[in-house]
Amino acid sequence: MRLGFLRTIQWKVVVMYMLLILLAMQFIGAYFAREVESYYTNNFSETLNTQGTLLAANVERYFRAARDGKDQSQEDKAGIDNLVYSLVKTGDVQIIDQNGKVISTNRNDKSIIGQRTTQSEVTVALLGTRNESLRIDPRTGERVKVLAVPVKGDNIIYGAVYMVASMEGMYVTIRKIINILATGTGIALLFTAGLGVVLARTITTPVKEMTRQAKAVAEGDFDRAVKVYSGDEIGQLGVAFNHMTIRLREAILQQEEEREKLAGILSNMSDGVIAADRHGQIILMNPSAEDMLQTKMTDVVTAGKTLHDVLRLPPEDEMPLFAEEPLLIEMMLANREIVMLSVNFTPLQQNSGKKGGIIAVLQDVTEQQRLEQQRREFVANVSHELRTPLTTIKSYVEALVDGAVDDAELSNRFLRVTMTETERMIRLVNDLLQLSRFDSQGIRLHKKEIDIGRLLKYAADRFAMQSEQQGISFALEIPKEVPHVLADPDALNQVLDNLISNAIKYTPEGGAIQLGLSLNWQQKRIYVSVRDTGIGIPKRDLKRIFERFYRVDKARSRSQGGTGLGLAIARELVHAHGGEIAIESEWNEGTTVTFWISFEKRGEGR
C-alpha cells in the first residue's frame, strides 16, 4: 500500500533526513557497541589474568617449600587462603596442587577441598600452559570466564590456579551503555524530525507557492507573483519564476495581438488564403476562400479534406505545386458556377528544413478572364465589322475606276452599295463612340418629366410601317392611367429603337410583336416589354446576350446590318436610370425583353 504522505516533498525530505540519521546512528551504535564490548571483555580478561598471574606467583613459594620436603603447616594453608581472599575480588578461585587436588578456594562450599578436579582447563594448566575459555554456568545460566594458570618455578609445575568469574555484570554495564546510546539516538531522531520539518518547510513553502503560481499561469492568471522568502537558490528560483511570468504574459499578449492582426488581415483580404499541414490537410481558410469555393472551413476541416480535394487537383506526383508561375484552375462550384482561380503555392519550412505545410493564395480571375476574352473578341469583331464594308467599298470603287463609271445604271448601283456600306460603318463607329463615351465619361442624362405612355405610342408609330412591310403584326398595350416619370426621353427612345428593331429583324413574316407597359404600384416601378415570336435565343447564349459584339447568329446579323452593340447600349442606358433589363427567350418560339425604371425617381441628370 502506498503511503500518501510521502507524495509531498516536505515529508520526503523529513523521512530522508530521519533515515540518514537513523542509518548513521545504527552504524555508529554498532561500531560503538562492538568497541565497548571489546574494551570491557579485554579489560575483564586482563584483570582476571592479572589476578591469576599474581596469585600464582604468590602461591608458588608455598608450593616450593612443600617441594623442598617441608610439610605444609596450618600457617601455610592460612597464607594461601589469605592470598585467595585478598587478591581475588570476584569469581570463584581454586588452588590446585600438581596432583589435581583442590587445596584452597574462596567458595563458601569447602567440601571440594581435597577433591580431585576434572576440569579440562586445569589439566592443560598442569601441563604448563595457561588456558582460558568462555562457557555457560550450568547452575546459574550465566556467561562465565574460566582461567587456569599454572603455578611453576624453575621449570617445575607445582600446581595451578583455577578461576571462574561471571561476566554478567560486564554485559549489564554494556547493555546500559547501549541503552543510553539508543535513547540518545531516539532523542536525536526526534530533534532531527523537528528540524527536518522546519528545513523542509523552508524549501517546500516557496515550491508550493511556485506550484500554485504555475497552476494560475496555466489557467491564464498572470497577475499573481511568487513571494520570495530568501536570497538562496530557492529565492533566486522564485525571482526567475516571477520574471518568467512577466515575460510570458508579455509574449502571450504580443502573440494574441499578432494573432488578432493576422486574423483581421486574413478576414479582410480580398484574396483567398488556404493553409494546409505537411500532409496536405486543410487547417485554415479565410472568408474570401470560403466565398470563392462556396464551402465552409468547418466542413472541410471536419471532413479531413486536402488541398488537392478542395481545389480538385491531380495527385502531387502528377502535377508539382511549387512552380514559379501561378497555377490557373478552372472548376465548377456546388451551384454549377464555373470560376477561374489563379493559385500561388508557398511552402512553409520548419526549423529542421523539412516541409512544414503549404500556403495557397487564391485570386478569382473569372471576371478578368471574361473581360480579356471580351477584349479579344471586341478587337476581332471591330476589325471584322470594319473590314467587311471597307472591302466591299474598295471592290466597287476599283470597279468604277476600271470603267464601270461610264455605265450610268451600273455606276449608280455601285454608288448606292458604297453609300449603304458607308452608312453601316458610320452606325458602327457611332455606336463605338457612344460606348466609349459611356466608359470614359459616364452617361449624361437630361432628365425631365415625361409621359412614358406617349413615348411608347410614338415608338410604335415609327416602326408600324416597317413591320407592316415585312408582314409582321405590331400591337401596343398601355394601361389607361400611367404616371409621369423623371427620365431622359432621348435615351429611352434609343432603348426602344434598339429593342424594337431587333424584334423586327429576327421575326419572320407572319410573326407578331407586342410592345407593352405594366405598373407595379407597390415597388413604384414601370415595366416596359418588347415581345416577339421570332427565332428566339438558345439558353446557352442568354447570359452573354448583353455583351458587346455578341451575336447568336453572326451571319444573319451581319446580313441584316447588326453590329451586336444595340443591347449593350440599351443596358447601359437603363442602368443609368437606376433600372434593370432582362431577357427571356425560347429557341424558335420567341423573345421577351423587359426593362423597368422607377416613377418616383427624382434628381438631376448627370
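Residues numbered from 1 in each chain as written. Predicted model: local features only at pLDDT ≥ 70, side-chain atom pairs only at ≥ 80, totals over all residues. Heavy atoms only, no water.

Asker: I keep staring at the overall build of the protein chain and nothing clicks. Help me out?
Answerer: The number of helices and strands found in the protein chain is 15 helices and 17 strands. In the protein chain, which comprises 606 residues, the proportion classed as buried is 37%. Put simply, of all contacts in the protein chain between residues at least 6 apart along the chain, 58% involve residues at least 24 apart. Looking at the protein chain as shown, the accessible area adds up to about 36,100 Å², and 53% of this sits on carbon and sulfur atoms. (Helix = DSSP H or I, 4+ residues; strand = E, 2+ residues; numbered from the N terminus. Buried < 20%, exposed > 50% of the residue type's maximum accessible area, 1.4 Å probe, protein only. Contact = heavy atoms within 4.5 Å. Areas by Shrake-Rupley, 256 points an atom, 1.4 Å probe, with all protein chains shown as cover.)

Asker: Help me understand the environment of methionine 25 in this model?
Answerer: The residue methionine 25 is located in helix H1 (residues 9–67) in this model. On a C-alpha basis, the gap between methionine 25 and glycine 186 in space is 9.5 Å, while along the polypeptide they are 161 residues apart.

Asker: Looking at this structure, I do not really get helix H15 (residues 566–576). What am I missing?
Answerer: The buried fraction of H15 amounts to eight of the eleven residues, a majority that puts the element mostly inside the structure. Those residues of H15 that fall on the buried side of the exposure criterion are Gly566, Leu567, Ala568, Ile569, Ala570, Leu573, Val574 and Ala576. With its phi angle positive at about 80°, glycine 578 sits one or two positions after the end of H15.

Asker: Explanation requested: the sheet that holds strand S14 (residues 512–520) in the structure shown.
Answerer: Strand pairing within a sheet occurs via backbone hydrogen bonds; the two strands may be parallel or antiparallel. One open sheet holds the five strands; their spatial order is S12-S14-S15-S17-S16, and the pairing between them is mixed. The open sheet has two edge strands with one neighbour each: strand S12 (473–477) and strand S16 (580–586). The mean inter-strand angle of the sheet, taken between neighbouring strand axes irrespective of direction, is 15°. Where strand S15 (residues 525–532) meets strand S17 (residues 590–598), eight bridges bridge the pair, whose relative direction is antiparallel. (Pairing = 2+ DSSP bridges. Axes fitted to C-alpha atoms, helices over the stretch in contact; angles between N-to-C directions.)

Asker: Where do I start with the side chain of serine 598 in this structure?
Answerer: One can find serine 598 in strand S17. Polar side-chain contacts of serine 598 include one of 3.2 Å to the backbone oxygen of lysine 524. Every residue in contact with serine 598, bar those within four places of it in the chain, is listed here: Val485, Lys524 and Arg525. (Polar contact = N/O pair within 3.5 Å; in protein donor to acceptor, adjacent residues only side chain to side chain.)

Asker: Would you mind going over unusual backbone geometry with me for this structure?
Answerer: Glycine aside, the phi torsion of most residues is negative, and most peptide linkages are trans. The backbone of glutamine 294 shows a phi angle near 55°, a positive value even though the residue is not glycine. Its location among the elements puts glutamine 294 in the loop between helix H6 (287–293) and helix H7 (297–303). One non-glycine residue, asparagine 588, lies in the positive phi region at around 65°. With respect to the helices and strands, the residue asparagine 588 is situated in the loop between S16 and S17.

Asker: Whenever I open this one, the packing of helix H4 (residues 168–218) against helix H5 (residues 233–268) confuses me. Can you help?
Answerer: Any two packed helices are characterised by the angle at which their axes cross and by the distance between the axes. Two elements in contact, H4 and H5, have axes whose closest approach is 10 Å; the angle formed by their N-to-C orientations is 10°. On the basis of their axis angle, the class for H4 and H5 is roughly parallel. Listed contacts from H5 to Ile203, Pro206, Met210, Gln213, Ala214 and Val217 of H4 are Ile234, Leu237, Gly238, Phe241, Thr245 and Leu248. Looking at the contact of H4 with H5 residue by residue, the class counts come to nine nonpolar, three polar and no charged. (Parallel < 35°, antiparallel > 145°, perpendicular 65-115°, else oblique. Nonpolar A, V, L, I, M, F, W, Y, C, P; charged D, E, K, R; others polar.)

Asker: I keep staring at the side chain of threonine 117 and nothing clicks. Help me out?
Answerer: Relative to the elements of secondary structure, threonine 117 occurs in the loop between strand S2 (102–105) and helix H3 (120–126). At 3.4 Å, the side chain of threonine 117 forms a polar contact with the backbone nitrogen of glutamine 119.

Asker: Sorry if this is basic, but what is going on with the pairing of strand S4 (residues 143–153) here?
Answerer: The side chains of a regular strand alternate between the sheet's two faces. Most of S4 sits inside the fold, with nine of its eleven residues counted as buried. Bridge analysis of strand S3 (residues 131–136) against S4 gives six bridges, and the strand direction is antiparallel. Bridge pairing in S4 places asparagine 131 opposite alanine 148. In textbook terms, the turn of a hairpin is the stretch between consecutive antiparallel strands, and for S3 and S4 this stretch comprises six residues, one of which, glycine 141, has a positive phi near 75°. Here ten bridges tie S4 to strand S5 (residues 156–166), and the two strands are oriented antiparallel to one another. Bridge pairing in S5 links alanine 148 to tyrosine 162.

Asker: Honestly, a nonpolar patch on the surface in this entry has me stumped. Any pointers?
Answerer: A surface patch of nonpolar side chains, amounting to about 410 Å² of accessible area, comprises Met16, Tyr17, Leu20, Leu199 and Ile203. Breaking the nonpolar patch down by element, the ones donating at least two residues are H1 and H4. The element best represented in the nonpolar patch is H1, accounting for three residues. Summarising the element assignment, tyrosine 17 is placed in helix H1. (Patch = residues over 30% accessible without salt bridge, like charges linked within 9 Å, V, L, I, M, F, W, Y side chains within 5 Å. Salt bridge = Lys/Arg side-chain N within 4 Å of Asp/Glu carboxyl O.)

Asker: Explain the environment of threonine 533 to me, please; I cannot follow it from the model alone.
Answerer: Note that threonine 533 resides in the loop between S15 and helix H13 (539–542). Put simply, threonine 533 and proline 508 are 25 residues apart on the chain and 8.2 Å apart in space, counted from C-alpha to C-alpha. Each residue touching threonine 533, except ones within four places of it in the same chain, is listed here: Thr507, Pro508, Gly511, Ala512, Glu589 and Gly590. From its side chain, threonine 533 meets the backbone nitrogen of alanine 512 in a polar contact 2.9 Å long.

Asker: Any chance you could explain the packing of helix H12 (residues 489–505) against H15 here in plain terms?
Answerer: Here H12 crosses H15 at 145°, and the two axes come no closer than 9 Å. Viewed along their axes, H12 and H15 form a crossing whose handedness is left-handed. Residues Ala491, Gln494, Val495, Asn498, Leu499 and Asn502 of H12 form the contact with H15, whose own contacting residues are Gly566, Leu567, Ile569, Ala570, Leu573 and Val574. Within the contact of H12 with H15, the residues separate by chemical class into eight nonpolar, four polar and no charged. (Left-handed = near helix turned anticlockwise from the far one by under 90°.)

Asker: Sorry if this is basic, but what is going on with the nonpolar core here?
Answerer: The tendency in soluble globular proteins is for nonpolar side chains to be buried as a group. Judged by nonpolar contacts, the single largest core of 47 residues is most densely connected at Ile452, Leu496, Val528 and Phe595. The greatest single-element share of this core, amounting to eight residues, is contributed by H12. Those residues in contact with valine 528 that lie beyond four places of it in its chain are Ile452, Leu456, Leu496, Leu515, Gly516, Leu517, Val593, Thr594 and Phe595. Core analysis: the second largest hydrophobic core is formed by 25 residues, Leu55, Ala56, Phe63 and Val161 among them. (Core = buried A, V, L, I, M, F, W, Y, C linked by side-chain atoms within 4.5 Å.)

Asker: Looking at this structure, how should I read the confidence of the model for the protein chain?
Answerer: Close inspection of predicted coordinates is inappropriate for parts of the model with low pLDDT. Taken over all residues, the pLDDT of the protein chain has a mean of 79, while the share at 70 or more is 88%. The least confident element of the protein chain is helix H14 (residues 554–559), whose mean pLDDT is 48; the most confident is S15, at 92. This stretch, residues 555–559, has a pLDDT under 50; its non-local contacts, to residues over four places away or in other chains, come to eleven contacts. Under a pLDDT of 50 for its full length, residues 601–606 has, in the predicted model, 13 contacts with residues more than four places off or in other chains. (pLDDT = per-residue confidence, 0-100.)

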